[in-house]
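What follows is the residue order along each chain.
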Amino acid sequence: MNERYDWLLMILLGVVIALLIGYRLNRWLMSPSPDRLPGIPINEYIPDHPAIGMLEQEGYDVVGGKVKINLSFDTGHRPILSRLFIDYIASDDSGELYMVKLARERMPVDWTGSGIRDRLMPFLLLYPECAGLLYIDVNEKSIHRLSMDWSDEEWIGQDDYNS
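Residues numbered from 1 in each chain as written. Predicted model: local features only at pLDDT ≥ 70, side-chain atom pairs only at ≥ 80, totals over all residues. Heavy atoms only, no water.

### Digging into unusual backbone geometry
Logical step 1: Positioned with a positive phi, Lys 141 is a non-glycine residue whose angle comes to about 55°.
Logical step 2: Taking the relative accessible area as the measure of exposure, Lys 141 reaches 66% and is therefore exposed. (Buried < 20%, exposed > 50% of the residue type's maximum accessible area, 1.4 Å probe, protein only.)

Structure representation (structure tokens):
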């Protein structure tokens, strides 16, 4: 009779171990691996440009060159292809990464909320692990440091849509 309890205990222990292994295996398979998550790409080739000197004077270290991000939009009829370009990747003293965009004469930024939203917000949404975006205008010798935050509290009751 004692052997029957031993067998019952062994079977129960085997079922518990099998359930535990199955749970851990399922959890491992369903969780994304950090090395599989897309991070900001770093291009090792860094071409010389006056913006690099400006970044170094401000305490940034350029760690990557131009990166092309290919985009594909499914419209229901046919895919539409586009791309975004990041000119450089820079790092500050604390190791935080920043995307760098250079000013273009034919594509100026309207320095209003909607102008920044329309022109630069896609970059900030694309790589949220970055500390922000550095917008450099070499002609004006200026560096604008941009970061984005969700600030719903400031707008409640102050716009036409909430009336």
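### What to know about the packing of aromatic side chains
Logical step 1: Inspection of every chain in the model, using the stated rule, returns 2 aromatic pairs.
Logical step 2: Between Tyr 60 and Tyr 98, the ring centres sit 5.5 Å apart and the planes meet at 80°, which makes this aromatic pair edge-to-face. Of the two residues, Tyr 60 sits in the loop between helix H2 (50-57) and strand S1 (61-64) while Tyr 98 sits in strand S5 (residues 97-102), which places them 38 residues apart along the sequence. Side by side, Tyr 60 and Tyr 98 carry an identical accessibility label, which is buried. (Phe/Tyr/Trp six-rings, centres within 6.5 Å; stacked < 30°, edge-to-face > 60°. Helix = DSSP H or I, 4+ residues; strand = E, 2+ residues; numbered from the N terminus.)

### A few points about the sheet that holds S1
Logical step 1: Pairing within the open sheet is mixed, and its 5 strands lie in the order S1-S4-S5-S6-S7. At either margin of the open sheet sits one strand with a lone partner, and together these are S1 and strand S7 (142-146). Strand-to-strand, the axes of this sheet are offset by a mean angle of 35°, without reference to chain direction.
Logical step 2: Judged from the 5 bridges that link them, S5 and strand S6 (residues 132-137) form a sheet pairing that is parallel. By the bridge assignment, Tyr 98 is partnered in S6 with Gly 132.
Logical step 3: The strands touched by H2 are S1, strand S4 (88-91), S5, S6 and S7; relative to S6, the strand with the most contacts, the crossing angle is about 125°.
Logical step 4: Packing against the sheet, helix H3 (residues 113-126) makes contact with S5, S6 and S7, and its axis sits at approximately 130° to S6. (Pairing = 2+ DSSP bridges. Axes fitted to C-alpha atoms, helices over the stretch in contact; angles between N-to-C directions. Contact = heavy atoms within 4.5 Å.)

### Points about the pattern of salt bridges
Logical step 1: One pass over the full model with this rule turns up 3 salt bridges.
Logical step 2: As a salt-bridge pair, Arg 104 and Asp 87 come within 2.9 Å of each other at their nearest N and O atoms. Of the two residues, Arg 104 is situated in the loop between S5 and H3 and Asp 87 in the loop between strand S3 (79-86) and S4; the sequence distance between them amounts to 17 residues.
Logical step 3: Looking at Arg 104, the relative accessible area reads 27%, which means it is partly exposed.
Logical step 4: When the shortest N-O distance is used, the salt bridge between Asp 118 and Arg 117 registers 3.0 Å.
Logical step 5: Connected through shared salt-bridge partners, Lys 66, Asp 87 and Arg 104 make up one network. (Salt bridge = Lys/Arg side-chain N within 4 Å of Asp/Glu carboxyl O.)

### A word on H2
Logical step 1: For H2, the complete set of buried residues consists of Ala 51, Ile 52, Met 54 and Leu 55. Down the axis, H2 shows its buried residues gathered within 160° of arc, on one side only. The exposed residues of H2 that point more than 90 degrees off its buried face are Pro 50 and Gln 57.
Logical step 2: Just downstream of H2 lies Gly 59, where phi reads positive at about 95°. (Arc of directions from axis to C-beta.)

### Comments concerning the nonpolar core
Logical step 1: Within the largest apolar cluster, 16 residues are counted, with the highest numbers of intra-cluster contacts made by Ile 86, Met 99, Tyr 127 and Leu 133.
Logical step 2: Mapped onto this core, the elements with two or more residues apiece are strand S2 (67-74), S3, H3 and S6.
Logical step 3: Tallying contributions element by element places H3 first for this core, with 3 residues.
Logical step 4: The contacts of Leu 133, once residues within four sequence positions are left out, are Tyr 98, Met 99, Lys 101, Leu 120, Phe 123, Leu 124, His 144, Arg 145 and Leu 146.
Logical step 5: Within the second largest apolar cluster, 13 residues are counted, among which are Met 54, Val 62, Tyr 88 and Ala 90. (Core = buried A, V, L, I, M, F, W, Y, C linked by side-chain atoms within 4.5 Å.)

On their own, these measurements won't tell you what the molecule is for.
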